[in-house]
Amino acid sequence: MKVVIIGSGNVAAVLGGKIRLAGHTLVQVVARRAEPAALLAQEWGCGYSTRWDETDRNADLYLVALSDRALEELGNVLTLPGRLVVHTAGAVAASVLKPVSARSGVLYPLQSLKAAIRPYPEIPLLIDANQPEDLPVIEAFARTFSPQVERAGDDTRLKLHLSATLVNNFTNYLYILADRFCQQEGMDFSLLLPLIHETAGRLGRYPPEEMQTGPATRGDGATIEKHLKLLSNYKNIKELYELFTIKIEDDYQRTEISAP
Ligand SMILES: NC(=O)c1ccc[n+]([C@@H]2O[C@H](COP(=O)([O-])OP(=O)(O)OC[C@H]3O[C@@H](n4cnc5c(N)ncnc54)[C@H](OP(=O)(O)O)[C@@H]3O)[C@@H](O)[C@H]2O)c1
């Protein structure tokens, strides 16, 4: 397929790269800033533009990887009648690009994407279309660069986006806090990597609920007190530690009470 990439951020860079590796032809990058657009265009051997009115009109598919807010405004500056146009947002309705083209939909990558990451990760794709006849076209295209492609309407996509925020964004923030704590206390964060990998690696083999360990799960108040004392100078971590502890204690007590 001939594909135009709209946007020059993380999703544009990664999906564009994967689409190209799958054998499609990237014909143009359209973005508001010349520098990142030119870099991607150079990597992909295609043209670029910072003007909406110069958007190539002959592509088979337009991948719009813009910020959620920009998606809502795109129809004011760009219309592509009859062209298939998909956005990449988890929390934005499929209908948002109808002012750009009636043949519009969604190709949402359920993955954390950063332009610089190599190799490209495996990316489940959640797809949708405003016109039912476009769904098989988007699906066939998506399957050329992902083994996991599923149809997901606005509600399901938003709920999966929320779940992704829990398992990825919140977890990674805890890594950031632990990393800072280790640095501050003169310890090596990399000692925790086998633990992190082991816990993540168990997912899919065991239910996460059965894998929870730690003082809050055991009701080990003495250790919790020692930890909290260590955190007197770390307000953020202390607040989260207390909140997680309460939630885990509540959860595991409830499980014990409801168990036969
Ligand atoms: N990154 C992820 O992990 C991820 C995963 C799944 C889905 N998504 C979704 O994919 C979309 C793109 O995300 P991203 O991570 O690629 O974001 P990003 O790296 O911040 O890139 C956003 C792109 O949108 C452009 N943009 C922002 N406001 C604009 C405006 N008013 N007019 C024109 N262009 C504008 C930016 O241009 P400038 O560079 O000039 O600011 C940039 O090219 C979002 O809807 C996001 O929710 C992201």
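Being a predicted model, the structure only gives us computed values, none of them experimental.

## Some details on the pattern of salt bridges
Pairing is possible between side chains of opposite charge, provided their charged atoms come close. Following the criterion strictly, the structure yields twelve salt bridges and no others. As a salt-bridge pair, Glu 73 and Arg 69 come within 3.7 Å of each other at their nearest N and O atoms. With Glu 73 and Arg 69 both in helix H3 (residues 68-77) and four residues apart, the pair spans about one turn of that helix. Judged by its relative accessible area of 38%, Glu 73 is partly exposed. Salt-bridge contacts for Asp 134 lead to Arg 103; the nearest nitrogen and oxygen are separated by 3.0 Å. Here Asp 134, found in the loop between strand S7 (125-129) and helix H4 (135-143), pairs with Arg 103, found in the loop between strand S5 (84-87) and strand S6 (104-109); they are 31 residues apart in sequence, far enough to count as distant. For Arg 103, a relative accessible area of 26% gives the class partly exposed. Here the salt bridges do not stand alone but share partners, grouping Arg 51, Asp 53 and Glu 54 into one network.

## What to know about helix H1 (residues 10-21)
For H1, with twelve residues, the first-to-last C-alpha span of 17 Å sits near the 16 Å given by 1.5 Å per residue. Looking only at H1, the buried set comprises Ala 12, Ala 13, Val 14, Leu 15, Gly 16, Gly 17, Lys 18 and Ile 19. After H1 finishes, the residue Gly 23 shows a positive phi value of roughly 105°.

## Looking at a negative patch on the surface
A contiguous patch of negative charge on the surface is contributed by Glu 209, Glu 210, Asp 250 and Asp 251. At the level of secondary structure, the elements contributing two or more residues to the negative patch comprise helix H7 (208-211) and helix H10 (235-258). Following the sequence through the fold, Asp 251 ends up in helix H10.

Cut-offs applied
- Residues numbered from 1 in each chain as written.
- Predicted model: local features only at pLDDT ≥ 70, side-chain atom pairs only at ≥ 80, totals over all residues.
- Heavy atoms only, no water.
- Salt bridge = Lys/Arg side-chain N within 4 Å of Asp/Glu carboxyl O.
- Helix = DSSP H or I, 4+ residues; strand = E, 2+ residues; numbered from the N terminus.
- Buried < 20%, exposed > 50% of the residue type's maximum accessible area, 1.4 Å probe, protein only.
- Expected span 1.5 Å × (residues − 1).
- Patch = residues over 30% accessible without salt bridge, like charges linked within 9 Å, V, L, I, M, F, W, Y side chains within 5 Å.
- Areas by Shrake-Rupley, 256 points an atom, 1.4 Å probe, with all protein chains shown as cover.
- Lys, Arg positive; Asp, Glu negative; His and termini not counted.
- Charge placed at Lys NZ, Arg CZ, Asp CG, Glu CD.

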